[in-house]
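Coordinates in review
One letter stands for each residue in the lines below.
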Amino acid sequence: MKHAVITPTLLVLTALWAGCGSSFAMSAPEGFVELDEEYSNYDARFTSADGVVISVRSIEHDPKGDLDFWVEAIQSRIRMNGGYALLETEDVRAASGQSGKQLRFGRDQNGTPFKYWVTIFVTDAHIHIVEAGGRTEQFDAAQGRVENAIASLSIH
Amino acid sequence: MKPEKWLLALALGALGCGGSSYAYESPPSPPAEQYARGTTTASAEYAPSAGGEADYEVMAAEDSGGGFGGDDWDSDYNFESEGEPAGASAGAMSDMLEEARPQMANNMPPPQQQAQQAQPEAEPAESTDGVDLSGPLLIYTARFHLGVYEVTQTQDAILEQLGELDVILARRSDTELVVRVPAARFQQAVDQVEGAGDVLHREVNAQDVGEEFRDIAIRLRNAEVMRERLERLLQRADAVEDALAIERELQRLTDIIERFKGRQRYLSDQIRFSTITIVFQALSTEPTGPDGFTLPFDWLGELGLSNLMRLR
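Residues numbered from 1 in each chain as written. Chains lettered and ligands numbered in written order. Predicted model: local features only at pLDDT ≥ 70, side-chain atom pairs only at ≥ 80, totals over all residues. Heavy atoms only, no water.

Digging into the overall build of chain B
- Secondary structure summary: chain B contains 9 helices and 12 strands in total.
- Classification of the 312 residues of chain B by burial places 46% in the buried group.
- A separation threshold of at least 6 residues defines the contact pool for chain B, and within that pool the share at least 24 residues apart is 76%.
- Looking at chain B as shown, the accessible area adds up to about 15300 Å², and 47% of this sits on carbon and sulfur atoms. (Helix = DSSP H or I, 4+ residues; strand = E, 2+ residues; numbered from the N terminus. Buried < 20%, exposed > 50% of the residue type's maximum accessible area, 1.4 Å probe, protein only. Contact = heavy atoms within 4.5 Å. Areas by Shrake-Rupley, 256 points an atom, 1.4 Å probe, with all protein chains shown as cover.)

Topic: the overall build of chain A
- Counting its regular elements, chain A contains 2 helices and 10 strands.
- Ordering the α and β elements of chain A from the N terminus gives β-β-β-β-β-α-β-β-β-β-α-β.
- Looking at chain A as a whole, 55% of its 156 residues are labelled buried.
- Of the roughly 6800 Å² of accessible surface on chain A, a fraction of 48% belongs to carbon and sulfur atoms.

Notes on the interface of chain B and chain A
- The interface is formed by 31 residues belonging to chain B together with 42 residues belonging to chain A.
- When the two sides are added together, the surface that chain B and chain A hide from each other amounts to roughly 2900 Å², 63% of it contributed by carbon and sulfur.
- Looking only at chain B, the three residues that lose the most surface to chain A are Y149(B), W299(B) and L308(B), adding up to 25% of its buried area.
- At the junction of chain B and chain A, the tally comes to 2 salt bridges.
- Across the pair D198(B) and R79(A) runs a salt bridge whose closest N-O atoms are separated by 2.7 Å.
- Elements with a minimum of two residues in the side of chain B that touches chain A: β11 (199-208), α8 (298-301) and α9 (305-308) of chain B.
- Among the residues forming the side of chain B that touches chain A, the class breakdown is 18 nonpolar, 8 polar and 5 charged. (Buried area = accessible area lost by both parts, 1.4 Å probe. Salt bridge = Lys/Arg side-chain N within 4 Å of Asp/Glu carboxyl O. Nonpolar A, V, L, I, M, F, W, Y, C, P; charged D, E, K, R; others polar.)

Description of the confidence of the model for chain B
- In the predicted model, chain B carries a mean pLDDT of 67, and 54% of its residues have values of at least 70.
- Taken as a whole, residues 286-292 of chain B scores under 50 in pLDDT and shows 10 contacts with residues more than four places along the chain or in a different chain. (pLDDT = per-residue confidence, 0-100.)

Some points on helix α2 (residues 136-151) of chain A
All names here are of chain A.
- At A142, α2 shows its largest kink, close to 60 degrees.
- Within α2 the residues assigned to the buried category are T136, Q138, F139, A142, V146, A149 and I150.
- In this structure, the buried side of α2 is in contact with β2 (23-27), β5 (53-60), β7 (99-109), β8 (112-122) and β9 (126-135). (Bend = angle between axes of the 7 residues up to and from the residue.)

Points about the sheet that holds strand β10 (residues 176-182) of chain B
Residue and element names in this part refer to chain B.
- Taken in spatial order, the 5 strands make up an open sheet running β9-β10-β12-β8-β11, and their pairing is mixed. The open sheet has two free edges, formed respectively by β9 (168-172) and β11, since each of these has just one partner strand. Neighbour-to-neighbour, the strand axes of this sheet turn through a mean angle of 15 degrees, independent of strand direction.
- In the sheet, β10 pairs with strand β12 (residues 273-280) via 7 bridges, with the strands oriented antiparallel. Bridging from a neighbouring strand, P182 pairs with F273 of β12. (Pairing = 2+ DSSP bridges. Axes fitted to C-alpha atoms, helices over the stretch in contact; angles between N-to-C directions.)

Section: the pattern of salt bridges
Residues and elements named next belong to chain A.
- In this structure the tally under the stated criterion is 16 salt bridges over all chains.
- A salt bridge links E88 to R104, with the nearest nitrogen and oxygen atoms 3.8 Å apart. Of this pair, E88 sits in strand β6 (residues 85-93) while R104 sits in strand β7, and the two are 16 residues apart along the sequence.
- By relative accessible area, E88 is classed as partly exposed at 39%.
- Classification of R104 by relative accessible area gives buried; the value is 11%.
- As a salt-bridge pair, R104 and E147 come within 3.1 Å of each other at their nearest N and O atoms. With R104 in strand β7 and E147 in helix α2, the pair connects residues that are 43 residues apart, well separated along the chain.
- A relative accessible area of 30% means that E147 is categorised as partly exposed.

Comments concerning the packing of aromatic side chains
Residues and elements named next belong to chain A.
- For the structure shown, the criterion picks out 7 aromatic pairs over all chains.
- A ring pair is formed by F69 and W70, whose centres lie 4.8 Å apart and whose planes are at 85 degrees; its orientation type is edge-to-face.
- F69 gets classed as partly exposed once you look at its relative accessible area, which sits at 37%.
- With a relative accessible area of 1%, W70 lands in the buried category.
- Seen from their ring centres, W117 and F139 are 5.0 Å apart, and the 70 degrees between their planes marks the pair as edge-to-face. (Phe/Tyr/Trp six-rings, centres within 6.5 Å; stacked < 30°, edge-to-face > 60°.)

Topic: the pairing of β2(A)
Residue and element names in this part refer to chain A.
- Across the 5 residues that make up β2, a large majority, 4, are buried.
- Where β2 and strand β10 (residues 154-155) come together, 2 bridges link them in antiparallel fashion. Bridging from a neighbouring strand, A25 pairs with S154 of β10.

Details of the side chain of S274(B)
- You can see S274(B) is positioned in strand β12.
- Not counting the four nearest positions on each side in its chain, S274(B) is found in contact with Y140(B), V179(B), R180(B), V181(B), A183(B) and F186(B).

Structural notes on the sheet that holds β6(A)
Residues and elements named next belong to chain A.
- Strand order in the open sheet formed by 7 strands is β3-β4-β5-β9-β8-β7-β6, with antiparallel pairing between adjacent strands. Looking along the sheet, the strands with just one partner apiece sit at the ends: β3 (33-34) and β6.
- Inspection of the sheet shows β3 paired to strand β4 (residues 44-47) by 2 bridges, in the antiparallel sense. Bridge pairing links V33 to T47 in β4.
- Packed onto the sheet, helix α1 (residues 67-81) meets β6, β7, β8 and β9 and runs at close to 0 degrees relative to β7.

What follows is the structure, encoded as structure tokens:
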């Protein structure tokens, strides 16, 4: 797959991955750094200094399912097995025009509240998952930048 | 037969559960008739035998298992005497009691059968221990699993909302909140909890304890009447052995009465106040979902904060 990360200042294309034919570009949130994901399951991941993390991954869309199917599958997995509370559900749109769904969860870990967002876009060839999470206090402070980054996602 | 023995036999008959029977081969005096003493009914059937003698059977009128009862209570006294000697020995009553005791535990009919045999003479009072007996007696319970987010704040919010419904906080921990709410406001409380967070699982139960409750009320009343009779009998006992035997029965009866009262208080409390348990805990940490299936997409299992935020 190919992906491009557009930094707010340089707007340069980073590594393009060949193989599964997917490509996307996303603006890195201001104040975040991109991590090396060569050996991970993420296609791109960014973190702030205080622990708010955003990741993107593209998954081959096989077997085929519509957006509702994948939203339900993810929601069930997160809520029922993970114990997360579903706080909100938002309709979102990628910069490239695809409609998606954003599930906004919350969960306490060791008494500390965390927020965790999962945004899903489904195309014929790929499922694009954008995850964002962090401690509630830090996440709320970075929420605008997180939303902007997700809205900047361009799927090709 | 000496009057004391008759009285004791009747008392034991009413105490026994599940068709306690007393068979006397000698003709009773008075003969077949129905006895109604106090609030307890003991029915008597008289059937003359060929030899001019009669089998006389006294059966406990009110009895049912109903899920509560013990060996001491569920008894079956079965006496077969050779007739009533004119001058019964002073220890006759003691002998009867001692002979009867080992049989008590072994002849207990199953609860269902006991229930069928129950023939209460009179219905319990309209209200017992603050519980209205005129309608169904239900114990309501509800259990919720909520998503684990801002648990302390959510618990505070729930308690604040439920405070308007006169709830009682029964237990609170990091992962659980248990409240007791007046039964009349149970549904309101359930609705409020539903809106307090992300409900992952809910379970609402209504347990009908009417049969058990009414059964206990009847048996309690019978036991109290029997105790009064035994106390009167004790006053008339001449022999020390008789007095000791009766006192043992009184002690046993008192224990039974206290157990009935305890159970009655517990049921009354459960009926009047419903219990709502709110759990803040993941239903499962296993890869298999609570519905017993796992979708064949490994990447679903990789979602979550633990992977996302593991930056090394």
